[in-house]
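Fold and contact review
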Amino acid sequence: MRISTTSCLCPFLVCLCFIQRCYGASHHVPAKVPTKNQTKLANGETEVHHRPKRGWIWNQFFVLEEHMGPDAQYVGKLHSNSDKGDGSVRYILSGEGAGTIFIIDEVTGDIHATKSLDRERKTHYVLHAQALDRNTEEALEPKSEFIIKVQDINDNAPKFPDGPFVATVPEMSEVGTSVLQVTATDADDPTYGNSARIVYSILQGQPYFSVDPKTGIIRTALANMDREAREHYTVVIQAKDMAGQVGGLSGSTTINITLTDVNDNPPKFPQKNYQLYVPESAQEGKPVGKIKANDEDLGINADIKYSIINSEGANMFSISTDRDTREGIISLKKALNYERKKTYTLHIEGVNTHMDPRFSYLGAFKDTATLKITVGDVDEAPVFSMDYYIMDVYENAPSGTEVGAVTARDPDSRNSPVRYILDSKEEGERYFRIDESSGVVRTTQPLDREDMPWHNITVMASEVDNPSLLSHVPVTVQILDVNDNPPEIATDEEVIVCESSRPGQVIQTVTAVDKDDFANGQRFSFALPSQLPVNPNFTLKDNEDSTASIIARRRRFNHLTQELYELPIVVWDGGEPSLSGTSTLTLRVCPCQRHGRIRLCQGEAFLSSAGLSTGALIAILLCIVILLAIVVLFITLRRSKKEPLIISEEDIRENVVTYDDEGGGEEDTEAFDIIALRNPAAAEELKFRRDVRPETRQHRGPAPSRRSPSNGSTALHAVKIIMVGGITKGVHDSPSRD
């Protein structure tokens, strides 16, 4: 089978068609040559291996896409060597699109495409061809496969799948700075012709930007593009296939380019001179005004730091930057006084905090301005001559004594008169008063330094014309001391005198105390009262160092003879005038034991070493007594429970009454009446009351003796009367020898 085509649309197809036509014209029946299914014998004959002969002649078919003609498009021709042209061969086509897209003439083998094809949807079709004997329907050729390729034409324009685009580039960038790369795609066949060969060009955005025709990279084309002059640019890029030739298809996209900010503009004050009015009553640390320098940059490139560069303004005012508004906030550092200074001049500088060294050639990124502040006069509260006052007065001074004076004046130019009062919320008001006009402070009662040595009061001053404006000042009053308290002995404890003390021995050294205050230290003198007779037991020695020693005058003190002694002592202070006081000390005589330097009585030493006080010892003894009482009461109750008060005849418990009488043995009939033992009725009369203790009889004299029949010795029998169930029995103890 051979293939022939009648239309060739390219040089390659023309050559192919020419070869096919020449081959078909001169070789309709190809010469038979030995094939792989035949074997040449020695006699020159060939042996057929009964394998069907393939007589197809194949070439690849091509069909143009997007055919728009009225007739079906001719694709090619199938021809078998077995076809003699007599119509005995029938051609059959199967596979992709057979019968729907592609049809075949069963007699001639011509193939036509009945529909317009799109290479971008399907590039080729695989079909199968077969030649049959029309009469017998037997296959003249085995089924063979061939391909019909869809020939591309330039029917797809380039597209930008990701557009439109957004890009940024810093302002003032150099020429050729890369901005963005765009890429277009073409659905046509890139391997056939120039249908998919794309060239980029810029339609809008010149002269600011350019595009590389091959890569699609967009670059800056103009130097020193200033964001402050123009920030946004719209660039349109075109992509054209067919290498940009005439007739090529094209597509375009838009790129929105924004210039980002750099610090290329210094701050600048809108004007060079400003004025500000500030009343003198403005509070320290509070804002009093604002100033702002403009910066055309954005973000951190527009951050400004303000400062006051002259000392006159920096001493009285401070300036800080508001991060949100980028304003300079002017605050007051010290209180203003219209009467002292009425105007201030401030030189304010604004400097960018983030510098870009690329633009240092533009100069310093800062600016200055002058601010003149005018201080306004307001009605102020009176001002005291001092921030605080310290006064003093002697204690016991009479009421109305002058302590001191405060002074305040009206700072305004009117110089209004001032009125003084004491703060009624303080306790010191009841001790002092102040003259409303002169400010003199006086006492209202005598004061006692020992009760309160210092007093704190607050004096308020206001203008007579405007009482609502008040000023305050603290006043501290010190109460000076006078000698109005006699001295006394410093200790209230007993003085221990050891029994072993010797004459001249120092018993104890005493000191004195005085509530008064002495600037150069306290001085005390000691002596025994002169109006009393001489003390025979103790004497006192003044050590002339504000101490005195108690000295024993005799020996052998005895606490059993006399345990306590009283010793009055007179003490003088060194004040003017000198005051004296008498204190009586109690001296206790004890047998002493030495514990280091401290001497304690033995009883006290025992308690001290045991760690028990007298109260604790008494409590312990009381607890012991209570416990003993409880034990005795418990035993008594147990005994009373064992012996009932009434004994009935049915009571079978034994009641034993013991008599300590001694008898003379069995023959002794005088000690007891034996009849009572043998007569139960008589025994019943002898029952004793259980609540009455029976009397006990004892025989002091010698008991009658009787010799025992067995050994002839004298036997003493202790007779016991045992009462069992109301029956009295006599029981004799065992005999005992004298």
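Residues numbered from 1 in each chain as written. Predicted model: local features only at pLDDT ≥ 70, side-chain atom pairs only at ≥ 80, totals over all residues. Heavy atoms only, no water.

An unreviewed UniProt entry annotates the protein chain as Cadherin 18 of Lates calcarifer. Under the Subcellular location (unreviewed entry) heading, UniProt states for the protein chain: "Cell membrane". (UniProt positions renumbered as here; feature names shortened; annotations may be inferred.)

Describing the overall build of the protein chain
Secondary structure assignment for the protein chain yields six helices and 46 strands. Each of the 738 residues in the protein chain was classed as buried or not, and the buried ones make up 36%. Partitioning the contacts of the protein chain with sequence separation of at least 6, the portion at a separation of at least 24 is 66%. About 44,900 Å² of surface is accessible on the protein chain, with carbon and sulfur atoms providing 52% of the total. (Helix = DSSP H or I, 4+ residues; strand = E, 2+ residues; numbered from the N terminus. Buried < 20%, exposed > 50% of the residue type's maximum accessible area, 1.4 Å probe, protein only. Contact = heavy atoms within 4.5 Å. Areas by Shrake-Rupley, 256 points an atom, 1.4 Å probe, with all protein chains shown as cover.)

Regarding the UniProt feature "transmembrane region" (unreviewed entry) in the protein chain
In the numbering used here, UniProt assigns the feature "transmembrane region" (unreviewed entry) to residues 616-637. What you have in residues 616-637 is 100% helix and 0% strand, and the ends, taken at the C-alpha atoms, are 32 Å apart.

Describing the sheet that holds strand S17 (residues 250-260)
If you trace the four strands from one edge of the open sheet to the other, you get S11-S17-S16-S13, paired in mixed fashion. For this open sheet the edge positions go to strand S11 (165-170) and strand S13 (199-204), each flanked by a neighbour on one side alone. With direction set aside, neighbouring strand axes in the sheet form an average angle of 35°. (Pairing = 2+ DSSP bridges. Axes fitted to C-alpha atoms, helices over the stretch in contact; angles between N-to-C directions.)

Focus: the environment of Asn263
One can find Asn263 in the loop between S17 and strand S18 (273-279). The spatial distance from the C-alpha of Asn263 to the C-alpha of Met355 is 6.6 Å, given a sequence separation of 92 residues. Here Asn263 is in contact with Asp297, Asn301, Asn352, His354, Met355, Asp356, Phe359 and Phe365, once residues within four sequence places are set aside. In terms of polar contacts, Asn263 uses its side chain to reach the backbone carbonyl oxygen of His354, at 2.4 Å. (Polar contact = N/O pair within 3.5 Å; in protein donor to acceptor, adjacent residues only side chain to side chain.)

Some remarks on the confidence of the model for the protein chain
Looking at the protein chain, pLDDT values average 78 and 75% of them are 70 or higher. Confidence, expressed as mean pLDDT per element, reaches its minimum in the protein chain at helix H1 (residues 11-26) with 34 and its maximum at strand S22 (residues 328-332) with 96. Across residues 603-609 the pLDDT falls below 50, and counting only partners more than four positions away or on other chains, this stretch makes nine contacts in the model. Low pLDDT, under 50, characterises residues 645-659; the stretch is placed with 25 contacts to residues that sit more than four places away or in other chains. (pLDDT = per-residue confidence, 0-100.)

Details of the pairing of strand S38 (residues 538-542)
Here S38 runs beside strand S39 (residues 547-552); their pairing, made up of five bridges, is antiparallel. Among the inter-strand pairings, Thr539 is bridged to a residue of S39, identified as Ile551. Between the antiparallel neighbours S38 and S39 lie four residues, among them Glu544 with a positive phi of about 60°.

Concerning the sheet that holds S22
Ordered in space as S19-S22-S21, the three strands form an open sheet in which the pairing is antiparallel. Only two strands of the sheet have a single partner each, and these edge strands are strand S19 (287-291) and strand S21 (317-321). Strand-to-strand, the axes of this sheet are offset by a mean angle of 25°, without reference to chain direction. Sheet topology places S19 next to S22; four bridges connect them, and they run antiparallel. From the neighbouring strand, Pro287 faces S22, where its bridge partner is Ser331.

So, the nonpolar core
Here is a general trend for soluble globular proteins: nonpolar side chains tend to be buried in one another's company. Phe317, Ile330, Leu346 and Ile348 are the most contacted members of the largest nonpolar core, which has 24 residues in total. Counting residues per element, the ones that place at least two in this core are S18, S19, strand S20 (304-308), S21, S22, strand S23 (343-352) and strand S24 (366-376). At four residues, the largest contribution of residues to this core is made by S24. Once residues lying within four places of it in the same chain are set aside, the contact partners of Ile348 are Phe269, Ile291, Tyr306, Ser307, Ile308, Ile319, Ile330, Asp367, Thr368, Ala369 and Leu371. (Core = buried A, V, L, I, M, F, W, Y, C linked by side-chain atoms within 4.5 Å.)

Description of the packing of aromatic side chains
The full count for this structure, using the stated rule, is 10 aromatic pairs. Where Phe102 meets Tyr125, the ring centres are 5.3 Å apart and the plane angle is 70°; that geometry is what we call edge-to-face. On the criterion of sequence distance, the pair formed by Phe102 in strand S7 (residues 102-104) and Tyr125 in strand S9 (residues 124-133) is long-range, its members being 23 residues apart. The two residues Phe102 and Tyr125 agree in class, both being buried. With a centroid separation of 5.6 Å and an interplanar angle of 75°, the aromatic rings of Phe538 and Tyr565 are classed as edge-to-face. With Phe538 in strand S38 and Tyr565 in strand S40 (residues 564-573), the pair connects residues that are 27 residues apart, well separated along the chain. Chaining the aromatic ring pairs together yields one cluster made of Tyr208, Phe209 and Tyr233. (Phe/Tyr/Trp six-rings, centres within 6.5 Å; stacked < 30°, edge-to-face > 60°.)

A closer look at the side chain of Asp481
Turning to its location among the elements, Asp481 is positioned in the loop between strand S33 (470-480) and strand S34 (488-489). At 3.0 Å, the side chain of Asp481 forms a polar contact with the side chain of Arg449. What Asp481 contacts, discounting residues up to four positions off in sequence, is Tyr394, Glu395, Arg449, Glu450, Asp516 and Asp517.

Quick look at the environment of Asp435
Tracing the backbone through its elements, the reader meets Asp435 in the loop between strand S30 (432-434) and strand S31 (440-443). Relative accessible area serves as the criterion here: at 37%, Asp435 is assigned to the partly exposed category. If we skip the residues at most four places from it in the chain, Asp435 touches Tyr420 and Val440.

Regarding unusual backbone geometry
Residue Pro164 follows Gly163 across a cis peptide bond; omega there is -5°. With respect to the secondary-structure elements, Pro164 resides in the loop between strand S10 (144-151) and S11. Look at the link from Gln206 to Pro207: it is a cis peptide, with omega at 5°. Structurally, Pro207 can be placed in the loop between S13 and strand S14 (209-211). Located in the positive-phi region is Glu137, a residue other than glycine, with phi close to 60°. Structurally, Glu137 is set in the loop between S9 and S10. The class of Glu137 is partly exposed, set by a relative accessible area of 41%.

Structural notes on the pairing of S22
Among the five residues that make up S22, five are buried, leaving the element largely enclosed by the rest of the structure. Both faces of S22 are covered, namely the face carrying Gly328, Ile330 and Leu332 and the face carrying Ile329 and Ser331. Relative to S22, S21 runs antiparallel, the two being bridged by five bridges. Residue pairing for S22: Thr321 is matched across the bridge by Gly328.

Topic: a nonpolar patch on the surface
On the surface, a cluster of nonpolar side chains totalling about 440 Å² of accessible area is made up of Leu617, Ile620, Leu621, Ile624 and Leu628. Within the secondary structure, Ile624 is located in helix H4 (residues 614-642). (Patch = residues over 30% accessible without salt bridge, like charges linked within 9 Å, V, L, I, M, F, W, Y side chains within 5 Å. Salt bridge = Lys/Arg side-chain N within 4 Å of Asp/Glu carboxyl O.)

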